[in-house]
Amino acid sequence: MESNVHTMATPKQETGNFMRSYSRPRKSGASAWWLQRITGLALVVLTVGHYILMHYNPQSGHDYGETASRLASPWFKGIYLGFITIGMYHGLQGIWNIVRDYKLKPIVGLSIFGVLVVAGIIFVAMGWNTILTFDPAKP
Amino acid sequence: MAYIPPREPFSAWNRLIMAYRRFSGSWAYILHRLTGIGLVVYLFVHIWALSSLTKGRAAFAEEMVTFTSPPFKVAEWLLGALVMFHAFNGIRIALVDLANGARYHKKLLGAVWVTGIAVVVLMFFLIFSSELFAK
C-alpha cells in the first residue's frame, strides 16, 4: 500500500513569512463580512432600481439625451459614483470569498488577490472618469 | 497485498453535483455564486463599454446601434434574471444571517423564485415593448 508519509505537508516556520497572513489568517474577517451584507443590501435597491430605470422604456438606457439629462443632476452623479464603488467592492469581495474556499498555494492566492485589487482600482477609476468628465455639449 | 478500492460508479464531477441535488438551498448557494461571478464579469464590460460617453454624442450613438440589436436586447433581458436572483437571494441570505431567517429560509427561497420570475417576466414586456406593441 502506498504511503503518503513522505508527501504530507510539514508545518513550516512561520516567523518572518510575509505570506503568513494569507496561509494562517489572524483576522476574524468580521468587518468584511458585515461590509458584504451592508453593501449587498444597498446594492439590492441600487442595482434593481438601475436595471428598471435603464429599461422602463426602449430609450431610457440607450439614448444620449436621456443619459445627459440624468447626469445633469449632481445627486445622480454622486449616487452613481457610490454605486460604482460599492458595486465593485461587493463583487470583488465576493470573488475573493469564492477563491478563499479553495486551498490554493499562498503565491497563487495572493496573485489572484493582487489582480482583483488592481483591476478593481482601474475600473472604478474608469467609471468615475466617465461620470466626472462627461460633457453633454460634446458632439 | 495492496488494497484496491472498488471503482466509484460516478466521476468526481458527478459526485460533487449529486451531493448537492437534494437540497434547494444548496442550489441557491451554487446559483448565488455563479450569478455573482457573471455579474462581476458584466460589471467590468459595462464600465468599459460606457466609457464611450466621454467621447460625445456621435460615438455613443454609434455604439448603441450594436447594443440595441435583437441579440443584445435578449442578453440584456437575461442579465436581469441574474440581477433579480442575486438581489432577492441576497435579501434571503441577510435574513438568515441577521434575523430569524433560518427558521423559514425555504419559504423565503420560494418567495425569491416567485418574485424574481415575476419581475423578469415584467421586464420582458418593458424591454421588448417597441417590438411587442408596434403601431
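Residues numbered from 1 in each chain as written. Chains lettered and ligands numbered in written order. Predicted model: local features only at pLDDT ≥ 70, side-chain atom pairs only at ≥ 80, totals over all residues. Heavy atoms only, no water.

Visitor: Just to check I follow, could you spell out the overall build of chain A for this structure?
Guide: Within chain A one finds five helices and zero strands. Each helix (α) and strand (β) of chain A, taken in turn from the N terminus, gives the series α-α-α-α-α. For chain A, with 139 residues in total, the buried portion stands at 34%. Residue pairs at least 24 apart in sequence account for 71% of intrachain contacts in chain A once pairs closer than 6 positions are excluded. Summing over all exposed atoms, chain A offers an accessible surface of approximately 9,200 Å²; the carbon and sulfur share of this is 67%. (Helix = DSSP H or I, 4+ residues; strand = E, 2+ residues; numbered from the N terminus. Buried < 20%, exposed > 50% of the residue type's maximum accessible area, 1.4 Å probe, protein only. Contact = heavy atoms within 4.5 Å. Areas by Shrake-Rupley, 256 points an atom, 1.4 Å probe, with all protein chains shown as cover.)

Visitor: I tried to follow the side chain of Thr130 of chain A on my own but got confused; where do I start?
Guide: Within the secondary structure, Thr130 of chain A is located in helix α5 (residues 106-132). Look at Thr130 of chain A and you get buried, because its relative accessible area is 6%. Within the structure, Thr130 of chain A has its side chain in polar contact with the backbone oxygen of Met126 of chain A (distance 2.9 Å). The contacts of Thr130 of chain A, once residues within four sequence positions are left out, are Leu50, Ser51, Leu53 and Thr54 of chain B. (Polar contact = N/O pair within 3.5 Å; in protein donor to acceptor, adjacent residues only side chain to side chain.)

Visitor: I'm lost on the interface of chain A and chain B in this one. Help?
Guide: One widely used convention gives an interface's size as the accessible area the parts lose upon coming together. At the junction of the two partners, chain A supplies 39 residues and chain B supplies 39 residues. In this assembly, chain A packs against chain B so that about 3,400 Å² is buried in total across both faces, 75% of it on carbon and sulfur atoms. For the chain A face of the interface with chain B, the top three residues by lost area are Tyr51, His62 and Tyr64 of chain A, together amounting to 21%. Between the two partners, chain A and chain B, sit two salt bridges. The residue Arg33 of chain B makes a salt bridge to Asp101 of chain A at a minimum N-O spacing of 2.7 Å. (Buried area = accessible area lost by both parts, 1.4 Å probe. Salt bridge = Lys/Arg side-chain N within 4 Å of Asp/Glu carboxyl O.)

Visitor: Whenever I open this one, the packing of aromatic side chains confuses me. Can you help?
Guide: Any pair of aromatic rings gets described here by the distance separating the centres and the angle formed by the planes. Tallying each qualifying case throughout the model produces 12 aromatic pairs over all chains. Centre to centre, the rings of Phe123 of chain A and Phe44 of chain B are 4.7 Å apart; their planes meet at 90°, and the pair counts as edge-to-face. Here the residue Phe123 of chain A occupies a position in helix α5, and Phe44 of chain B occupies one in helix α2 (residues 24-50), the pair thus bridging two chains. Take Phe123 of chain A: its relative accessible area is 18%, and that puts it in the buried class. Residue Phe44 of chain B is classed as buried on the basis of its relative accessible area, which comes to 17%. On the basis of an interplanar angle of 65° and a centroid distance of 5.0 Å, the ring pair of Trp77 of chain B and Phe124 of chain B is categorised as edge-to-face. Within this pair, whereas Trp77 of chain B is found in helix α4 (residues 70-98), its partner Phe124 of chain B is found in helix α5 (residues 105-127), the two being separated by 47 residues in sequence. An aromatic cluster is defined as three or more aromatic residues linked by ring pairs; in this entry it consists of Trp77, Phe124, Phe125 and Phe128 of chain B. (Phe/Tyr/Trp six-rings, centres within 6.5 Å; stacked < 30°, edge-to-face > 60°.)

Visitor: Can you help me understand the nonpolar core in this one?
Guide: Nonpolar side chains in soluble globular proteins tend to be buried together. If you look at the biggest cluster of nonpolar residues, it comprises 28 residues, and the most contacted ones within it are Tyr80, Met88, Leu92, Ile131 and Phe134 of chain A together with Phe44 and Ile47 of chain B. Those elements giving two or more residues to this core turn out to be α2 (30-55), α3 (64-71), α4 (74-100) and α5 of chain A together with α2 and α3 (57-67) of chain B. At 10 residues, the largest contribution of residues to this core is made by α4 of chain A. When near neighbours in sequence (up to four residues on either side) are disregarded, Leu92 of chain A contacts Leu116 and Gly120 of chain A together with Val40 and Phe44 of chain B. Grouped together as the second largest cluster of nonpolar side chains are 18 residues, Leu109, Val120, Met123 and Ile127 of chain B included. (Core = buried A, V, L, I, M, F, W, Y, C linked by side-chain atoms within 4.5 Å.)

Visitor: Would you explain the environment of Gly40 of chain A in this entry?
Guide: Residues and elements named next belong to chain A. Structurally, Gly40 is set in helix α2. A C-alpha to C-alpha distance of 8.4 Å links Gly40 and Gly87, two positions 47 residues apart in sequence. Those residues in contact with Gly40 that lie beyond four places of it in its chain are Leu35 and His90.

Visitor: Quick question: what am I supposed to make of the side chain of His86 of chain B here?
Guide: Examined against the element boundaries, His86 of chain B turns out to sit in helix α4. Among the polar contacts made by the side chain of His86 of chain B, one reaches the main-chain carbonyl oxygen of His32 of chain B at a distance of 3.1 Å. Setting aside residues up to four positions removed in sequence, His86 of chain B forms contacts with His90 of chain A together with His32, Thr35, Gly36 and Leu39 of chain B.

Visitor: Would you mind showing me how to read the pattern of salt bridges here?
Guide: A side chain with one charge can pair with a side chain of the opposite charge if their charged atoms come near. Applying the stated criterion across every chain, the model contains two salt bridges over all chains. For Arg37 of chain A, the salt bridge identified is with Asp97 of chain B, shortest N-O distance 2.7 Å. Taken together, the residues Arg37 of chain A in helix α2 and Asp97 of chain B in helix α4 connect one chain to another. For Arg37 of chain A, a relative accessible area of 18% gives the class buried. For Asp97 of chain B, a relative accessible area of 34% gives the class partly exposed.

Geometric values such as these leave the question of function open.
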